[in-house]
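# Residue-level structural notes
Here is what each chain is made of, one letter per residue.
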2 protein chains.
Amino acid sequence: MRDVYHDELDDIGKGVIEMTNLVAIAMDRATSALLDANLAQAEAVMAADKRIDTLRTDLEERTFQVISRQQPVATDLRVLISTIHLTADLERMGDLADHVAKIARLRFPESAVPEEARDVISQMGEVARSLVTKVADVVDGRDIALAQAIEAEDDSMDALRRKLFTLVLSPNWSRGTEAAIDMTLLGRYYERYADHAVAVARHTIFIVTGRRPEH
Amino acid sequence: MRDVYHDELDDIGKGVIEMTNLVAIAMDRATSALLDANLAQAEAVMAADKRIDTLRTDLEERTFQVISRQQPVATDLRVLISTIHLTADLERMGDLADHVAKIARLRFPESAVPEEARDVISQMGEVARSLVTKVADVVDGRDIALAQAIEAEDDSMDALRRKLFTLVLSPNWSRGTEAAIDMTLLGRYYERYADHAVAVARHTIFIVTGRRPEH
């Protein structure tokens, strides 16, 4: 009985790793779509979001079945409830990549990102990638030592968002209100993506250690 | 055994009703804080958010304990997992009211909302109130006939958000980029608040009927 149980947990774990990889690729592509006004990339992100949503539904159902059949208590049950939260966060990360891709598509064939904002947006994309790569390492290898580095990346993302506001609000901003709105929404999407990535790392650390990391 | 179980479910249900009422009051106050540049209201929202967060942690823990002790399967288990999702949505609604209140505080003693946007923001506040009142009726009396009306209110919120964009992007907008950014974020916060309210209603309908409403 315990073997089937652990096989099921391993399978769910593999699904979580797959979801993490998919949302990493999604935001990476969304950033390229934005910076290079690449419509094909934007559309690839939107198509992949459907796969991410399906995977989440599937993982939640499998987690539900394990709880229902194995009736775990204590830590085992907490791990499974954490998995449910974690897949919700990953699904949301996919949605946010999709939102970024939609802004790229909306402004196509222009780039949604004016020249003077390219640097900040490109850095936000890099922080997103670096952050989610670390989260994937936590989820996959369960290298929980990365937790601190993940929180630090989240702080970098917040700093970049403030930088983006400063830029848009500077008297030199000549790109008008529409571009300012795009930058505001993009800043928000990248920030929320990072928040959910941190939440995924925290849930995983709880799954491994049984202890909630400090906020 | 079943009696204790149903008492526990009733208690959790009461907690969900309390959370729903708190997030309704929170957004209502946040809207007043915005429109009347009322700092005390803004700070009341922020203080209440801590109570909402505590209530959520408490409800999730109690739900966890019920699953752990009673080992429900099938529909009973689905109901409890839905409750976990639903309290997460309610907590997020509290956060979004908090974000609105923070914009009010940031611009105090000015109102964050320029004259020409008062109408739309005030309508967004009304739709939020009307929506969450219906959600509270679903959660409390379990009047699932309100489901359609709730979806319609969500559509109204989306329409108001588009109206806000049109206003900010019109050549007549004379309030500059900062106010445009505030309106963009406010629009996003009200929209997300409505999305989560709809999710709460959907989870409750699932709890009552055992069937997922159509999206």
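First, a word on scope: everything that follows refers to the structure included in this document. (Residues numbered from 1 in each chain as written. Chains lettered and ligands numbered in written order. Predicted model: local features only at pLDDT ≥ 70, side-chain atom pairs only at ≥ 80, totals over all residues. Heavy atoms only, no water.)

## Focus on the overall build of chain A
Of regular secondary structure, chain A possesses 6 helices and 0 strands. Element order for chain A, N to C, with α for helix and β for strand: α-α-α-α-α-α. Taking 2.2 N^0.38 as the reference for a compact globule, 215 residues should give roughly 17 Å; the C-alpha atoms of chain A span a radius of gyration of 19 Å, in line with that estimate. Principal axes of the C-alpha set define a box for chain A whose edges measure 65 × 35 × 20 Å. Counting the 215 residues in chain A, one finds 52% classified as buried. Put simply, of all contacts in chain A between residues at least 6 apart along the chain, 81% involve residues at least 24 apart. For chain A, the exposed surface amounts to about 9,400 Å²; the carbon and sulfur share of it is 49%. Across chain A, 26 positive and 37 negative side-chain charges occur, with their mean positions spaced 2 Å apart. (Helix = DSSP H or I, 4+ residues; strand = E, 2+ residues; numbered from the N terminus. Rg over C-alpha atoms; globule rule 2.2 N^0.38 Å. Buried < 20%, exposed > 50% of the residue type's maximum accessible area, 1.4 Å probe, protein only. Contact = heavy atoms within 4.5 Å. Areas by Shrake-Rupley, 256 points an atom, 1.4 Å probe, with all protein chains shown as cover. Lys, Arg positive; Asp, Glu negative; His and termini not counted. Charge placed at Lys NZ, Arg CZ, Asp CG, Glu CD.)

## A few points about the packing of aromatic side chains
Tallied over the full model, the rule gives 0 aromatic pairs over all chains. The ring of Phe64 of chain A is capped by Arg78 of chain B, whose NZ or CZ atom sits 3.8 Å from the centre of that ring. (Phe/Tyr/Trp six-rings, centres within 6.5 Å; stacked < 30°, edge-to-face > 60°. Lys NZ or Arg CZ within 6 Å of the ring centre and 35° of its normal.)

## Observations regarding the environment of Val79 of chain B
All names here are of chain B. Within the secondary structure, Val79 is located in helix H3 (residues 74-107). Given the relative accessible area of 14%, Val79 is considered buried. Between the C-alpha atom of Val79 and that of Arg161, which follows or precedes it by 82 residues, the distance is 33 Å.

## Remarks on the interface of chain B and chain A
Opposite the 31 residues of chain B that make contact, chain A presents 32 residues. Here chain B meets chain A over a buried area of about 2,700 Å², counting both sides, of which 63% is carbon and sulfur. Connecting chain B to chain A are 2 salt bridges. Notably, a salt bridge pairs Glu61 of chain B with Arg78 of chain A, separated by 3.0 Å at the nearest N-O pair. For the pair chain B and chain A, the number of links is 5 residue pairs in polar contact (both at pLDDT 80 or more). Here the side of chain B that touches chain A takes 9 residues from helix H6 (residues 176-209) of chain B, the largest share from any one element. (Buried area = accessible area lost by both parts, 1.4 Å probe. Salt bridge = Lys/Arg side-chain N within 4 Å of Asp/Glu carboxyl O. Polar contact = N/O pair within 3.5 Å; in protein donor to acceptor, adjacent residues only side chain to side chain.)

## Some words on the nonpolar core
Note on soluble globular proteins: their nonpolar side chains tend to be buried together. Core analysis: the biggest nonpolar cluster contains 141 residues, and Leu34 and Ile121 of chain A together with Leu34 and Ile121 of chain B have the highest contact counts within it. Excluding residues that lie within four positions of it along the chain, Ile121 of chain B makes contacts with Thr31, Leu34, Leu35, Val113, Leu164, Met183, Leu186 and Tyr190 of chain B. (Core = buried A, V, L, I, M, F, W, Y, C linked by side-chain atoms within 4.5 Å.)

## Thoughts on the relation of the copies chain B and chain A
One chain copy maps onto the other through a rotation about an axis and a shift parallel to that axis. Least-squares fitting of chain B to chain A yields an RMSD of 0.0 Å, with the superposition described by an axial translation of 0.0 Å and a rotation of 180°. Overall, the copies show the geometry of a two-fold rotation axis. Interface overlap between copies is the fraction of interface residues in one copy that are interface residues in the other; for chain B against chain A it reaches 100%, indicating a shared surface. (Least-squares fit on C-alpha atoms with pLDDT ≥ 70 in both.)

## Overview of the side chain of Glu8 of chain B
Residue and element names in this part refer to chain B. Within the fold, Glu8 resides in helix H1 (residues 2-35). Exposure remark for Glu8: the relative accessible area of 17% places this residue in the buried category. In this structure the side chain of Glu8 is engaged in a polar contact, spanning 2.5 Å, whose partner is the side chain of Arg69. Among residues more than four places away in sequence, those in contact with Glu8 are Val66, Arg69 and Gln70.

## Section: a negative patch on the surface
All names here are of chain A. A grouping of Asp3, Asp7, Asp10 and Asp11 is seen on the molecular surface, where their side chains present a negatively charged patch. Of note, Asp11 is situated in helix H1 (residues 2-36). What makes Asp11 partly exposed here is its relative accessible area of 39%. (Patch = residues over 30% accessible without salt bridge, like charges linked within 9 Å, V, L, I, M, F, W, Y side chains within 5 Å.)

## Points about the side chain of Asp95 of chain A
Along the chain, the position of Asp95 of chain A falls in helix H3 (residues 74-107). If sequence neighbours within four positions are ignored, Asp95 of chain A has contacts with Asp49 and Asp53 of chain A.

## Details of the packing of helix H6 (residues 176-209) of chain A against helix H5 (residues 147-169) of chain B
It is at 9 Å that the axes of H6 of chain A and H5 of chain B come closest, and there the two elements cross at 135°. Regarding the angle of H6 of chain A to H5 of chain B, the classification is oblique. Classified by chirality, the crossing of H5 of chain B by H6 of chain A is right-handed. Contacts from Thr177, Glu178, Ile181 and Leu185 of chain A in H6 of chain A reach Arg161, Phe165, Val168 and Leu169 of chain B in H5 of chain B. Grouping the amino acids of the contact of H6 of chain A with H5 of chain B by side-chain chemistry returns 5 nonpolar, 1 polar and 2 charged. (Axes fitted to C-alpha atoms, helices over the stretch in contact; angles between N-to-C directions. Parallel < 35°, antiparallel > 145°, perpendicular 65-115°, else oblique. Left-handed = near helix turned anticlockwise from the far one by under 90°. Nonpolar A, V, L, I, M, F, W, Y, C, P; charged D, E, K, R; others polar.)

## Looking at the pattern of salt bridges
Applying the stated rule across the entire model yields 34 salt bridges over all chains. Arg51 of chain A is the partner of Glu18 of chain A in a salt bridge, and the nearest nitrogen-oxygen pair spans 2.8 Å. Pair noted here: Glu18 of chain A is in helix H1 and Arg51 of chain A is in helix H2 (residues 39-70), with a separation of 33 residues, a long-range link. Take Glu18 of chain A: its relative accessible area is 32%, and that puts it in the partly exposed class. Among the ionic pairs, Asp98 of chain B bridges to Lys102 of chain B, the shortest N-O distance being 2.8 Å. Note that Asp98 of chain B and Lys102 of chain B are positioned in helix H3 at a spacing of 4 residues, about one turn of the helix. The exposure class of Asp98 of chain B is buried, given its relative accessible area of 6%. Take Lys102 of chain B: its relative accessible area is 37%, and that puts it in the partly exposed class. When salt bridges that share partners are traced, they join Arg56, Glu60 and Glu91 of chain A into one network.

## A short note on unusual backbone geometry
Residue and element names in this part refer to chain A. Between Phe108 and the following residue, Pro109, the backbone shows a cis peptide bond with an omega angle of 5°. Within the secondary structure, Pro109 sits in the loop between H3 and helix H4 (115-141). With a phi angle near 50°, Gln71 is a residue other than glycine that sits in the positive phi range. As for its position among the elements, Gln71 is in the loop between H2 and H3. The exposure class of Gln71 is partly exposed, given its relative accessible area of 24%.

In short, geometric facts, not functional conclusions.
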